[in-house]
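Chains, contacts and geometry: an overview
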Protein chains: 6
Amino acid sequence: MRVSICRWAHFNAAHKLHNDHWSDEKNKAVFGKCNNPNYHGHNYEMEVTLTGEIDPDTGYLFDLANLKEIIKTEIEDRYDHKNLNLDCPEFKENNPTAELICIEIYKLLRAKIDEKMDINLRLWETPRNSVIYPPVC
Amino acid sequence: MRVSICRWAHFNAAHKLHNDHWSDEKNKAVFGKCNNPNYHGHNYEMEVTLTGEIDPDTGYLFDLANLKEIIKTEIEDRYDHKNLNLDCPEFKENNPTAELICIEIYKLLRAKIDEKMDINLRLWETPRNSVIYPPVC
Amino acid sequence: MRVSICRWAHFNAAHKLHNDHWSDEKNKAVFGKCNNPNYHGHNYEMEVTLTGEIDPDTGYLFDLANLKEIIKTEIEDRYDHKNLNLDCPEFKENNPTAELICIEIYKLLRAKIDEKMDINLRLWETPRNSVIYPPVC
Amino acid sequence: MRVSICRWAHFNAAHKLHNDHWSDEKNKAVFGKCNNPNYHGHNYEMEVTLTGEIDPDTGYLFDLANLKEIIKTEIEDRYDHKNLNLDCPEFKENNPTAELICIEIYKLLRAKIDEKMDINLRLWETPRNSVIYPPVC
Amino acid sequence: MRVSICRWAHFNAAHKLHNDHWSDEKNKAVFGKCNNPNYHGHNYEMEVTLTGEIDPDTGYLFDLANLKEIIKTEIEDRYDHKNLNLDCPEFKENNPTAELICIEIYKLLRAKIDEKMDINLRLWETPRNSVIYPPVC
Amino acid sequence: MRVSICRWAHFNAAHKLHNDHWSDEKNKAVFGKCNNPNYHGHNYEMEVTLTGEIDPDTGYLFDLANLKEIIKTEIEDRYDHKNLNLDCPEFKENNPTAELICIEIYKLLRAKIDEKMDINLRLWETPRNSVIYPPVC
C-alpha cells in the first residue's frame, strides 16, 4: 500500500539576487527590488512529501519524528537565521532564487532519505509565491 | 533543470447558475441557492502554476513581475468586480460554474504565455470548494 | 468566571455600492469598481464573539449548537446567496458596505441573544479587509 | 472537458497508536507520545478531489450538495466525535495512523461514488502533518 | 513604551464532556456528540499574549525563547497527547470544556510569568471555535 | 456610528538584532540566532485598524483605496525589500525588533491619518510571533 506523507517546516533567511557577470544596471533591471545590495529576507515555509510503501507493523510510511529530525539537521540548521549569499557556499555560484533553493533542499534531503522513498518538495518564499520540485508535469 | 512555480491572485465577482433551456423549476431544483435570479457572489482565489526549464543566467523559471502583470491584464481586469453573467461574453452560453471559469482562465493565460511553459490552475470559489485544471489525473 | 467564546460562520452574496442622491459620475469617483451597476460579490466570513459568565453545571458559556442555529436562522438564511441591494430591505436605504452589513448583523443577533451576553463581531469582506463592531476603542 | 473539483470536510476524533503483538516497551519506543493508553485526539481536516468529465448541461463535474451529503453520511457520521480504536471496527486490526485512516476513507468513498470519477484524498492529522492517497507518484 | 507580544503554540488531546451529577440522558441531551464515553479529541491551538514595558537595552518585551520554554514546560508537557479527563487532575471536577481549559492554562502561565506582565489567552478547540480569557469586555 | 476597519499589508526585509554597547558574547547570549552579523530576514505581515465614525453619505469609515495608498507610500516603500539596520535610519539607534518596528510604523501612519481616527496595529514577524501596538490592555 503506497501513500504519500507531508511534513511542514520553516526557516527565516536573508538573501539578494545578483548575477556577478552582469553590470549593476542589468542586475537592477532584471532583479528589481530583489537586487538590493544590503539584502532583504523571507520566512521560507516548506512542505516535504515522501512517497513509498506503508510498513505493515506500524501503519506508518516513515516515522515523522525521524523526518522532523532530518529536516532540522539538514535544512533548518543550515538555512535558518542565515544570509543565504554569505553564509551558504552552495549560493556563491548559484543565485538563491526560490527555484534554486528548492532544488538544493531536494539534494540535501535526497542524500539522507532511503532511495525507496520518493521526495517531492514545495517551498514558499512568501504566502503568494512558491516553487515545486520535482515539477508537477 | 525543470521546476514549477506558483503565483497567487484573486478577484471578486457576482454570478448565478442557470440553464436557459430549462424551466424555472428545473433550474431551481438543480442549482438551488446558486440560481437566485438577482445573483450572489464570491471572492475567487486562484493559483497559477508554470512549469519549464530554469534560466541559468537568472535562476528564475519566469519573471514573477511579468507573470503578475499578465494575470492582472488578462484575468483580474476582466473578472474583478464584475458580474460574470452580464459583463463577460464568454459566460453568455457557458454557465459560470467554477469548473468553466477555471477553464476560461486557462485559455486566457495559455494565449499569453510561451508554449514552452506548461500551465496548471487551481481556482477556489470559496475556501471549501475549488477546481483544478488540467485535472490531477 | 467571565470569558468570551468565538464562533466562525460565512455567507456568499452580491452587492454594489451606490448613493442614490449622487450623480453617476460622483458614484463612480467615490466607489470606483464597487459601483459596477451589474453588481459584484464576496465570500463574507464572520466571527461572532459572546462574553458572559460560565455556567458552572456545564462549563459552557453558551451552547455552541444553539449559537450555530441562531447564526444560521438569523444571518445565513437572510444573506447567503443573496443580492444584498435587491433581496434585503435593510439595504434599500443603507449602502451595503462592510461597515453597515456588520452593524446590521449585530442588531439581528442582539435581538435574539440574552442581554446578559455581550456581543462582538468581526466581518471579513475579503481576506484582506474586515470590520469590527462594536469598535476596538 | 475533464477537470478536478475539491471539497473540504473535517471530523474530530480520539485515537492511540499501538501494535498488539509488541511489548509495552517496544510500543512506547516506536509510537512515543502517540502510544498513551488513555488516547489523545485530533481535528482531522480532509480534502476530497473528484476527477471526470464536466456535464455540458450544468457546467458541473459533480453536484457539490450531493458530494457534501456523501461525505457527511459515509465519513463524518462514522468518525466525527469518535474514538477510532474503540468505536470503529476497521481499526481493531488496523492501527489508526493517518496513513491507514486516509486509505479507509478512500475505500468508503470509492464504494459510493460512480467509478467514472477518480478520487484523490488528502487528510491532515494536524496543520503540519498530512497524508495523500493515492500517492503523488 | 508598553506593547503586547503574541506567541502561538499547540497541543493535541482527547476529552469528553460529562457532568457526574446528571443522568446519562441529561448528559447526552446537553453535551450531544461531545459526551461519547469513549472520548474524542482536538488539535488545540493557542495564542499567548503578554503586555508590559519594552526593555530599552534589547527592544524586547520578553525573550521569546524563554516564553516558548515556559509554554512547553507548563502547558505542552502537561496537555499534549493526553486524555484531559483521565490524565489531568484539574479536570476530574472541572469539565474540560474549551472555556475551562483556557482558564486553567491562564492560571498555569500566571504562576510562572512576572506579575508586571499582563497575560491574555486565546484557545482554539477547532478552527471554527475558540475561547478568550480574560474576556474581551 | 463608530466602527473599526482592518486592512492587511506586508513587506519583506532583512535585519539583525544587536546592542552596540555590549560585547559580542553578550549579544550572542541575548539575541542568539537573531544576532547573525550577516543578517537574516522575514516576511512581515501587518494589519492596520482604524476606528472612528462612519460617513453617512458613503457608509464608509475610511476609503480603503486611500488607506492602501497611505500604507504603500509610508510603510511598504520604506521597508519592503530593505535591510532594516542598514537602509532605515530609524533603526541605527533602535534595535529592529518586532516591538520597535511596530511602534515606528504606528508613528509613520499616525503622522498621515486624521487624528479623528484611532489607529491600532498588529505586526507578524513570523506566522507564530506578533506584536500589538497600542497594547491590548
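A short tour of the structure in this document, coming up. No experiment lies behind these values; they were computed from the predicted model shown. (Residues numbered from 1 in each chain as written. Chains lettered and ligands numbered in written order. Predicted model: local features only at pLDDT ≥ 70, side-chain atom pairs only at ≥ 80, totals over all residues. Heavy atoms only, no water.)

Some points on the interface of chain B and chain A
Accessible area lost on assembly of the parts is the figure often given for the size of an interface. Where we set the bar: Contacts were defined at the residue level, with two residues in contact if any of their heavy atoms lie within 4.5 Å. What gets called buried area is simply the loss in accessible area from a 1.4 Å probe that two parts show on being joined, summed for both. Pairing of N or O atoms within 3.5 Å defines a polar contact, subject to two protein rules: one partner must be a possible hydrogen donor and the other a possible acceptor, and residues neighboring in sequence count only if both atoms are side-chain atoms. Counting from the N terminus, the helices are DSSP H or I runs at least four residues long and the strands are E runs at least two residues long. Think of it as three bins: nonpolar holds Ala, Val, Leu, Ile, Met, Phe, Trp, Tyr, Cys and Pro, charged holds Asp, Glu, Lys and Arg, and polar takes everything else, Gly as well.
Opposite the 21 residues of chain B that make contact, chain A presents 20 residues. Together, the buried faces of chain B and chain A total about 1700 Å²; carbon and sulfur atoms form 58% of this surface. Taken together, the connections running from chain B to chain A amount to eleven residue pairs in polar contact (both at pLDDT 80 or more). The set of elements that each furnish at least two residues to the side of chain B that touches chain A consists of strand E1 (2–15), strand E2 (40–53) and strand E4 (118–126) of chain B. Of the residues forming the side of chain B that touches chain A, the biggest block, seven residues, is contributed by E1(B). Grouping the amino acids of the side of chain B that touches chain A by side-chain chemistry returns ten nonpolar, six polar and five charged.

A few points about the side chain of F:Thr51
Tracing the backbone shows F:Thr51 in strand E2 (residues 40–53). Within polar-contact distance, the side chain of F:Thr51 engages the side chain of F:Ser4 at 2.7 Å. Setting aside residues up to four positions removed in sequence, F:Thr51 forms contacts with C:Pro135, C:Val136, C:Cys137, F:Arg2, F:Val3, F:Ser4, F:Leu61, F:Lys116, F:Met117, F:Asp118 and F:Asn120.

So, the interface of chain A and chain F
Spelled out, the test is: When a carboxyl oxygen of Asp or Glu is within 4 Å of a side-chain nitrogen of Lys or Arg, the pair counts as a salt bridge.
Taken together, the 24 residues of chain A in the interface contact 24 residues of chain F. Buried surface at the junction of chain A and chain F, both sides included, amounts to about 1900 Å², of which 44% is carbon and sulfur. Three residues stand out in chain A for area buried against chain F, namely A:Asn38, A:Asn43 and A:His81, and they jointly supply 31% of the buried area on that side. Joining chain A to chain F, the criterion identifies four salt bridges. Of the charged contacts in the structure, one is a salt bridge between F:Lys33 and A:Asp80, with a shortest N-O distance of 2.6 Å.

Here we look at the relation of the copies chain A and chain F
Stated precisely, the cut-off is as follows: The atoms used to superpose the copies are C-alpha atoms, taken from residues with pLDDT of at least 70 in both, and the fit is least squares.
Its rotation angle being 180°, the transformation that places chain A on chain F also includes 0.0 Å of axial translation and leaves an RMSD of 0.0 Å. Here the two chains are linked by the operation of a two-fold rotation axis. Mapped onto chain F, 100% of the interface residues of chain A are again interface residues, and the two copies thus contact each other with one and the same surface.

Topic: the pattern of salt bridges
Residue and element names in this part refer to chain D. Defined as follows: Each residue is placed in one exposure class: buried if its accessible area under a 1.4 Å probe, protein chains only, is under 20% of its type's maximum, exposed if it is over 50%, and partly exposed if it falls in between.
Counted under the stated rule, the structure contains 48 salt bridges over all chains. A salt bridge links Arg110 to Glu115, with the nearest nitrogen and oxygen atoms 3.5 Å apart. Taking relative accessible area as the criterion, Arg110 reaches 15% and is therefore assigned buried. For Glu115, a relative accessible area of 59% translates into the label exposed.

Looking at the packing of aromatic side chains
How we decide: Stacked, tilted and edge-to-face are the three classes applied to pairs of Phe, Tyr and Trp rings, where Trp contributes its six-membered ring and a pair requires centres within 6.5 Å; stacked means planes under 30 degrees apart, edge-to-face means over 60, and tilted covers the rest. Whether a charge sits over a ring depends on NZ of Lys or CZ of Arg being within 6 Å of the ring centre and within 35 degrees of the ring normal.
One pass over the structure, following the stated rule, counts 42 aromatic pairs over all chains. Consider the rings of C:Trp8 and C:Trp124, whose centres lie 5.0 Å apart with planes at 35°: the pair is tilted. With C:Trp8 in strand E1 (residues 2–15) and C:Trp124 in strand E4 (residues 118–126), this pair connects stretches of sequence that are 116 residues apart. With relative accessibility at 26%, the residue C:Trp8 sits in the partly exposed group. Summarising the aromatic geometry, the rings of D:Phe11 and D:Tyr44 are spaced 5.0 Å apart at their centres and angled 15° between planes, so their arrangement reads as stacked. Of this pair, D:Phe11 sits in strand E1 (residues 2–15) while D:Tyr44 sits in strand E2 (residues 40–53), and the two are 33 residues apart along the sequence. D:Tyr44 sits in the buried class, given a relative accessible area of 0%. Through successive ring pairs, a cluster of aromatic residues spans A:Phe11, A:Tyr44, A:Tyr79 and A:Phe91. Sitting over the face of the ring of A:Trp22, A:Lys26 holds its NZ or CZ atom 4.3 Å from the ring centroid.

Concerning the arrangement of the chains
A minimum C-alpha distance of 14 Å separates chain B and chain F, which share no contact. At the level of C-alpha atoms, the two units chain D and chain F stay apart, their nearest approach being 13 Å.

Some details on unusual backbone geometry
For the bond from C:Tyr133 to C:Pro134, the omega torsion is -5°, close enough to zero to count as cis. Turning to its location among the elements, C:Pro134 is positioned in the segment after strand E5 (129–133). Even without being a glycine, A:Tyr39 presents a positive backbone phi close to 80°. Note that A:Tyr39 resides in the loop between helix H1 (24–31) and strand E2 (40–53). On the accessibility criterion, A:Tyr39 (10% relative accessible area) is buried.

On their own, these measurements won't tell you what the molecule is for.
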